Amino acid sequence: MMNRSIGKRANDYFLEIIEWIPRLIQLQLLWFLCVLPVFTLGTASRTVLYMIYYYKKNEEKKLSSLYWKKFRENLSLYGKQDSLASSYFLLLFIDYRIFHYLGGRIGYTLMYTTLFLLLLSALLFSYKILLQLEQKEASWITAFFLFFNDFKSALFYLAGTLILLVAFWFAGPIYFALLGFSFLFYFQVLLFIHRTQEKVLKKEE
């Protein structure tokens, strides 16, 4: 009985992902267009997270027009802090490339440390934005503590994201170009909604 329930849930998730693929491809394209100035990386990512979260709740149809409207709104409201976040991510990426170029034991150790810090910072940035969408304004420090409040769930965030990145690495650049970032954002929203629902159920019990 339990195996049948797990199988049904897995099948439902698979069908939902298939249904979402056209939207994710469209969001990926819109995201690429919006990050061309580089400093808009944070705002573009915030908007994609909003769109996925919003569609999971509402099922609206005009995705493209709503995206541009929300992007302009986010640029106005969060432009400065998102630009700082974009600069931070860019500096981490530059450090990663420098350490990769240096090579050697120390260089590769620093490279992988920087890569892990980049991944963790990106997850915390996404989690912070999703908290704001739940009407819970949170600083980076608050987002950090809330993220690791459930350590098993936090590890699942990290491990799941790493597995997806490795899967895209082996699948090839064409698949990452079509779905990569939008699918990673979709994964973050799914985990966040599931985690929030679990907390609500625990409170009701």
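K.L.:
Hey, could you run me through the overall build of the protein chain in this one?
P.N.:
When you go through the protein chain residue by residue, the secondary structure sums to seven helices and zero strands. Going from N to C terminus, the protein chain has its helices and strands arranged as α-α-α-α-α-α-α. Of all 205 residues assigned to the protein chain, the portion counted as buried reaches 40%. Taking contacts inside the protein chain between residues at least 6 apart in sequence as the whole, the part at least 24 apart equals 70%. Looking at the protein chain as shown, the accessible area adds up to about 12900 Å², and 68% of this sits on carbon and sulfur atoms.

K.L.:
Honestly, the nonpolar core in this entry has me stumped. Any pointers?
P.N.:
Generally speaking, soluble globular proteins have nonpolar side chains that are buried together. Leu24, Ala44, Met51, Ile52, Tyr67, Phe147 and Val189 are the most contacted members of the largest nonpolar core, which totals 50 residues. If you list the elements that add at least two residues to this core, you get helix H1 (2–34), helix H2 (41–58), helix H3 (63–102), helix H4 (104–133), helix H5 (140–147), helix H6 (151–171) and helix H7 (173–204). If we skip the residues at most four places from it in the chain, Leu24 touches Ile52, Leu178, Leu179, Ser182, Phe183 and Tyr186.

K.L.:
I'm lost on the packing of aromatic side chains in this one. Help?
P.N.:
Two measures describe an aromatic ring pair: the distance that separates the ring centres and the angle between the ring planes. Scanning the model with the defined rule gives 25 aromatic pairs in all. For the pair Trp20 and Tyr186, a centre-to-centre distance of 5.0 Å together with 40 degrees between the ring planes defines the contact as tilted. A residue pair is termed long-range when its members are at least 10 positions apart, and Trp20 in helix H1 and Tyr186 in helix H7 qualify at 166 residues. Judged by relative accessible area, Tyr186 falls into the buried class, the value being 2%. Measuring from ring centre to ring centre gives 6.0 Å for Phe125 and Trp140, while their planes differ by 25 degrees; the resulting arrangement is stacked. Here Phe125 is found in helix H4, whereas its partner Trp140 is found in helix H5, with 15 residues between them in sequence. Judged by relative accessible area, Phe125 falls into the buried class, the value being 7%. On the basis of relative accessible area, Trp140 is assigned to the partly exposed category, the value being 37%. Taken together, the aromatic side chains of Trp20, Trp31, Phe32, Tyr50, Tyr54, Tyr55, Phe168, Phe176, Phe181, Phe183 and Tyr186 make up a single cluster linked through ring pairs. We note Arg46 situated over the ring of Tyr78; from NZ or CZ to the ring centre the distance is 3.9 Å.

K.L.:
Explain the side chain of Ser45 to me, please; I cannot follow it from the model alone.
P.N.:
Within the fold, Ser45 resides in helix H2. Exposure remark for Ser45: the relative accessible area of 7% places this residue in the buried category. Contact partners of Ser45, with chain neighbours within four places excluded, come to Trp31, Phe125 and Phe185.

K.L.:
Which parts of the structure should I look at to understand the confidence of the model for the protein chain?
P.N.:
Predicted coordinates in areas of low pLDDT are best not read in detail. With 89% of its residues at a pLDDT of 70 or more, the protein chain has an overall mean of 86. At the level of individual helices and strands, the protein chain shows its lowest average pLDDT in H1, which scores 77, and its highest in H4, which scores 92.

K.L.:
Whenever I open this one, the pattern of salt bridges confuses me. Can you help?
P.N.:
For side chains of opposite charge, pairing can occur when their charged atoms come near one another. Tallying each qualifying case throughout the model produces two salt bridges. Residue Asp82 is joined to Arg46 by a salt bridge in which the shortest nitrogen-to-oxygen separation is 2.9 Å. A residue pair is termed long-range when its members are at least 10 positions apart, and Asp82 in helix H3 and Arg46 in helix H2 qualify at 36 residues. With respect to class, Asp82 is no different from Arg46; both count as buried. As a salt-bridge pair, Lys70 and Glu73 come within 2.8 Å of each other at their nearest N and O atoms. Here the residue Lys70 and the residue Glu73 both occupy positions in helix H3, the gap between them amounting to three residues, near one helical turn. The buried category is assigned to Lys70, whose relative accessible area is 14%. A relative accessible area of 33% means that Glu73 is categorised as partly exposed.

K.L.:
Would you explain unusual backbone geometry in this entry?
P.N.:
As a rule of thumb, non-glycine residues mostly have phi less than zero, and peptide bonds are mostly trans rather than cis. Positive phi is not limited to glycine here, since Val38 has a value of about 70 degrees. Residue placement: Val38 occurs in the loop between H1 and H2. For Val38, a relative accessible area of 40% gives the class partly exposed.

About the cut-offs
Residues numbered from 1 in each chain as written. Predicted model: local features only at pLDDT ≥ 70, side-chain atom pairs only at ≥ 80, totals over all residues. Heavy atoms only, no water. Helix = DSSP H or I, 4+ residues; strand = E, 2+ residues; numbered from the N terminus. Buried < 20%, exposed > 50% of the residue type's maximum accessible area, 1.4 Å probe, protein only. Contact = heavy atoms within 4.5 Å. Areas by Shrake-Rupley, 256 points an atom, 1.4 Å probe, with all protein chains shown as cover. Core = buried A, V, L, I, M, F, W, Y, C linked by side-chain atoms within 4.5 Å. Phe/Tyr/Trp six-rings, centres within 6.5 Å; stacked < 30°, edge-to-face > 60°. Lys NZ or Arg CZ within 6 Å of the ring centre and 35° of its normal. pLDDT = per-residue confidence, 0-100. Salt bridge = Lys/Arg side-chain N within 4 Å of Asp/Glu carboxyl O.

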